Amino acid sequence: MKAYIHARLGAADRAVLDELKQSTGRTESEIVRRGLRLMAKEEGRRRSALDVAGRSVGRFKNGPRDLSTNTRRLEGFGE
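Presented here is a report on the structure given in the accompanying data block. (Residues numbered from 1 in each chain as written. Predicted model: local features only at pLDDT ≥ 70, side-chain atom pairs only at ≥ 80, totals over all residues. Heavy atoms only, no water.)

Considerations on the overall build of the chain
In step 1: When helices and strands are tallied, the chain shows 3 helices and 0 strands.
In step 2: The helix and strand sequence of the chain, counted from the amino end, reads α-α-α.
In step 3: Scaling as 2.2 N^0.38, a compact globule of 79 residues should have a C-alpha radius of gyration of about 12 Å, whereas the chain reaches 24 Å, well beyond that.
In step 4: A principal-axis box enclosing the C-alpha atoms of the chain has dimensions of 60 × 30 × 25 Å. (Helix = DSSP H or I, 4+ residues; strand = E, 2+ residues; numbered from the N terminus. Rg over C-alpha atoms; globule rule 2.2 N^0.38 Å.)

Now the structure itself:
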């Protein structure tokens, strides 16, 4: 099933679209569909902190156990 959308483009966005059409030889629809797929792929790359930490989670046996609750330990953090 086909769906149609309408988008309002300012002069700058319209110029970009026209330039892309000229340089790639693609239609406006093809450019918009590719842009949607690229954005979806980019959004899918976002990972949680747990995913980023990976195998290091749970591997540290030593160290303070109150890192997440003791505000004293946060002094100077992020400076």
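Focus on the pattern of salt bridges
In step 1: Counting across every chain of the model gives 4 salt bridges.
In step 2: Notably, a salt bridge pairs aspartate 18 with arginine 14, separated by 3.1 Å at the nearest N-O pair. Within this pair, aspartate 18 and its partner arginine 14 are both found in helix 1 (residues 11–24), separated by 4 residues, close to a single helical turn.
In step 3: On the basis of relative accessible area, aspartate 18 is assigned to the partly exposed category, the value being 33%.
In step 4: Here arginine 14 falls in the partly exposed class, since its relative accessible area comes to 32%.
In step 5: Note that aspartate 66 is salt-bridged to arginine 73, the shortest N-O span being 2.7 Å.
In step 6: The exposure class of aspartate 66 is partly exposed, given its relative accessible area of 25%.
In step 7: Taken together, the salt bridges that share partners define one network made up of Arg14, Asp18, Lys21 and Glu28. (Salt bridge = Lys/Arg side-chain N within 4 Å of Asp/Glu carboxyl O. Buried < 20%, exposed > 50% of the residue type's maximum accessible area, 1.4 Å probe, protein only.)

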